[in-house]
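These are the residues of each chain, in order.
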Amino acid sequence: MAGQAKVESGQGRYVSLRGTRVVFKVGSDRASGASLTEWNALPGFDTGLHIHERLEETWFVLSGELEFRVGDESFTAGPGATVFVPPHVRHAFANRGEAEANFLLTLSPPGHDRYFDELADILSVEGPPDPDAIASLRKRYDTRQIETLSTR
């Protein structure tokens, strides 16, 4: 993948966050400015409020709906919507609907794909997610946790 300019539909390394699939379309092994992920978020997926000091994120919703909290705003974003969150802004996104939500997420600077790798390992253990392990992970990856992640 490191030398590929084109990544076909269905291609890319991926992890599962308890069924929510994150596909690395352009990972930190290839990018110096931004990475790109494609998500299939199951109902009930919720990142919880958090803040990044350096990371900025941009979502583009392909299908379904996502609920966002960005600063003091709360809103729903459906197909075709773009949501941008710069550094230092508290935010969260969740799939509160009954259907899967599909979206693209760019992350700049790249490197957060390693966070998702480690998060997938934490979530692979049965039972409720370990909030201390998630808090420790987030701290190592430019994420100040305000609320913990939750999955159904």
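Every value quoted in this text rests on a predicted model; they were computed, and no experiment measured them.

A. Looking closely at the pattern of salt bridges. Following the criterion strictly, the structure yields nine salt bridges and no others. With its nearest N and O atoms 3.1 Å apart, the salt bridge here joins Glu 67 to Arg 96. Residue Glu 67 is located in strand 6 (residues 66-70), and its partner Arg 96 is located in the loop between strand 9 (91-94) and strand 10 (101-108); the two are separated by 29 residues in the primary sequence. Classification of Arg 96 as partly exposed rests on a relative accessible area of 45%.

B. Region of the structure containing the packing of aromatic side chains. Under the definition given, this model contains 12 aromatic pairs. Aromatic pair Trp 39 and Phe 116: ring centres 5.3 Å apart, planes at 85 degrees, arrangement edge-to-face. Note that Trp 39 is positioned in strand 3 (residues 35-41) and Phe 116 in helix 1 (residues 113-123), a separation of 77 residues in sequence. Exposure remark for Phe 116: the relative accessible area of 5% places this residue in the buried category. Judged by centre distance (6.0 Å) and plane angle (40 degrees), the ring pair of Phe 45 and Phe 93 falls under tilted. In this pair, Phe 45 sits in the loop between strand 3 and strand 4 (50-51) while Phe 93 sits in strand 9, placing the two residues 48 residues apart along the sequence.

C. Inspection of the side chain of Thr 20 at higher detail. Tracing the backbone shows Thr 20 in strand 2 (residues 20-26). Under the relative-accessibility criterion, Thr 20 is labelled buried at 1%. Aside from chain neighbours lying at most four places away, what touches Thr 20 is Val 15, Trp 39, Asn 40, Ala 41, Leu 42 and Phe 45.

D. Local environment of helix 1. When we look at burial in helix 1, the residues that qualify are Asp 113, Tyr 115, Phe 116, Leu 119, Ala 120, Ile 122 and Leu 123. For helix 1, the buried positions fall inside an angular range of 165 degrees around the axis, keeping them on one side. Here the buried face of helix 1 lies against strand 1 (13-17), strand 2, strand 3, strand 10 and helix 2 (131-140).

E. Representation of the environment of Ser 108. With respect to the secondary-structure elements, Ser 108 resides in strand 10. We classify Ser 108 as partly exposed; its relative accessible area is 21%. Excluding residues within four positions of it along the chain, Ser 108 makes contact with Gly 33, Ala 34, Arg 54, Leu 55 and Glu 56. A distance of 2.7 Å separates the side chain of Ser 108 from the backbone oxygen of Gly 33, its partner in a polar contact.

F. Quick look at the nonpolar core. Membership of the largest hydrophobic core comes to 31 residues, with the highest contact counts inside it found for Leu 17, Trp 39, Trp 59 and Phe 116. When residues no more than four places from it in sequence are discounted, the contact partners of Phe 116 are Val 15, Leu 17, Val 22, Phe 24, Trp 39 and Leu 107.

Parameters at a glance
- Residues numbered from 1 in each chain as written.
- Predicted model: local features only at pLDDT ≥ 70, side-chain atom pairs only at ≥ 80, totals over all residues.
- Heavy atoms only, no water.
- Salt bridge = Lys/Arg side-chain N within 4 Å of Asp/Glu carboxyl O.
- Helix = DSSP H or I, 4+ residues; strand = E, 2+ residues; numbered from the N terminus.
- Buried < 20%, exposed > 50% of the residue type's maximum accessible area, 1.4 Å probe, protein only.
- Phe/Tyr/Trp six-rings, centres within 6.5 Å; stacked < 30°, edge-to-face > 60°.
- Contact = heavy atoms within 4.5 Å.
- Arc of directions from axis to C-beta.
- Polar contact = N/O pair within 3.5 Å; in protein donor to acceptor, adjacent residues only side chain to side chain.
- Core = buried A, V, L, I, M, F, W, Y, C linked by side-chain atoms within 4.5 Å.

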